[in-house]
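# Understanding the architecture of this molecule
These are the residues of each chain, in order.
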Amino acid sequence: MESTNNHLVYYGNETLRKIAEEITNIDQGTIDLIESMFNVMYGAHGIGLAAPQVGVSRRLLILDIESYRGPILTLINPVITARSDKLGPYEEGCLSVPGINAMITRPLEISVRAVIPEGKEMNFEARGLLARVLQHEIDHLDGKLFIDYLEDHDRKELTAELKKIKKLNRKT
């Protein structure tokens, strides 16, 4: 297990573009990583975080949408097993792409299979904000960022801002 980072990595960091590795053993390193990720996410006022966002290429995500009447979850090796045909737009942002928000269209409902830290497999349906955050974070595990969904011309308009964000990686 890579050393746990206690800080975010930003757009341009290569870990954000890798397909993260499955976690085969939930050991103390995994538990420490989860704790560290919650600290980073809360420190940055986020509602979801994937391990690649702290520079660790593992299939692990956390989320806390309690303030939106949703759950606090830690999911290991999450997989979307079904997506609804109904799509909806929602303004998304990302802790690894600070200062940029965009309307992203995604399925409104999904089914997810994942392992929880206690080692049990879980299957559940998600809708609304929970479905949105899960899709965003699972994308991180597959090396995708929300800005990848933008039309080319919209993404080109962000070039200057993205260059500035890339430079944040050098400061850490």
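The structure reproduced in this document is the subject of the present report. (Residues numbered from 1 in each chain as written. Predicted model: local features only at pLDDT ≥ 70, side-chain atom pairs only at ≥ 80, totals over all residues. Heavy atoms only, no water.)

### Quick look at the environment of Tyr90
As a reminder, the rule being used: Under the DSSP-based scheme used, a helix requires at least four consecutive residues in state H or I and a strand at least two consecutive residues in state E, with every element numbered from the N terminus. Between buried and exposed lies partly exposed: a residue is buried under 20% and exposed over 50% of the maximum accessible area for its type, with that area taken using a 1.4 Å probe on protein chains only. Pairs of residues are marked as contacts when any of their non-hydrogen atoms sit within 4.5 Å.
Along the chain, Tyr90 turns up in strand E4 (residues 87-94). Taking the relative accessible area as the measure of exposure, Tyr90 reaches 40% and is therefore partly exposed. Expressed as a C-alpha distance, the spacing of Tyr90 and Arg132, which sit 42 residues apart in the sequence, is 8.2 Å. Leave out the neighbours within four places in its chain, and Tyr90 touches Ala102, Met103, Ile104, Leu129 and Arg132.

### Digging into the pairing of strand E6 (residues 109-115)
Selection rule: One requirement defines pairing of two strands: DSSP has to find at least two bridges between them.
Counting buried positions along E6 gives 5 out of 7 residues, so the element sits mostly inside the fold. Examined bridge by bridge, strand E3 (residues 72-83) and E6 share 5 bridges and lie antiparallel to one another. In the sheet register, Ile80 faces E6, and the bridge partner there is Val112. By the bridge criterion, 7 bridges tie E6 to strand E7 (residues 121-127) in an arrangement that is antiparallel.

### Considering the layout of surface pockets
What counts, and what does not: Cavities and pockets are found on a 1 Å grid laid over the protein atoms alone: a cavity is a set of points where a 1.4 Å probe fits but cannot escape, a pocket is an open set with protein on both sides within 12 Å along at least five of seven lines, and a lining residue has an atom within 4 Å of such a point. Grid points are joined across faces, edges and corners, and a volume is the space filled by probe spheres set on the points. Put simply, Ala, Val, Leu, Ile, Met, Phe, Trp, Tyr, Cys and Pro go in the nonpolar bin, Asp, Glu, Lys and Arg in the charged bin, and everything else, Gly too, in the polar bin.
There is about 360 Å³ of room inside the largest pocket. The wall of the largest pocket is formed by 18 residues, among which Ile47, Gly48, Gly93, Cys94 and Val133 lie closest to the centre. At the level of secondary structure, the elements contributing two or more residues to the lining of the largest pocket comprise E4 and helix H2 (128-141). Of the residues that constitute the lining of the largest pocket, the class distribution is 8 nonpolar, 6 polar and 4 charged.

### Structural notes on the environment of Asn123
Structurally, Asn123 can be placed in strand E7. For Asn123, a relative accessible area of 55% gives the class exposed. Sequence-distant contacts of Asn123, that is, excluding residues within four places in its chain, are made with Val112 and Arg113.

### Some details on the pattern of salt bridges
To be explicit about the condition: By salt bridge we mean one thing: a side-chain nitrogen of Lys or Arg within 4 Å of a carboxyl oxygen of Asp or Glu.
All told, the structure shown has 8 salt bridges when counted by the stated rule. Here Arg106 makes a salt bridge to Asp139, at a shortest N to O gap of 2.9 Å. Pair noted here: Arg106 is in strand E5 (residues 97-107) and Asp139 is in helix H2, with a separation of 33 residues, a long-range link. As far as burial versus exposure is concerned, Arg106 and Asp139 are alike and both buried.

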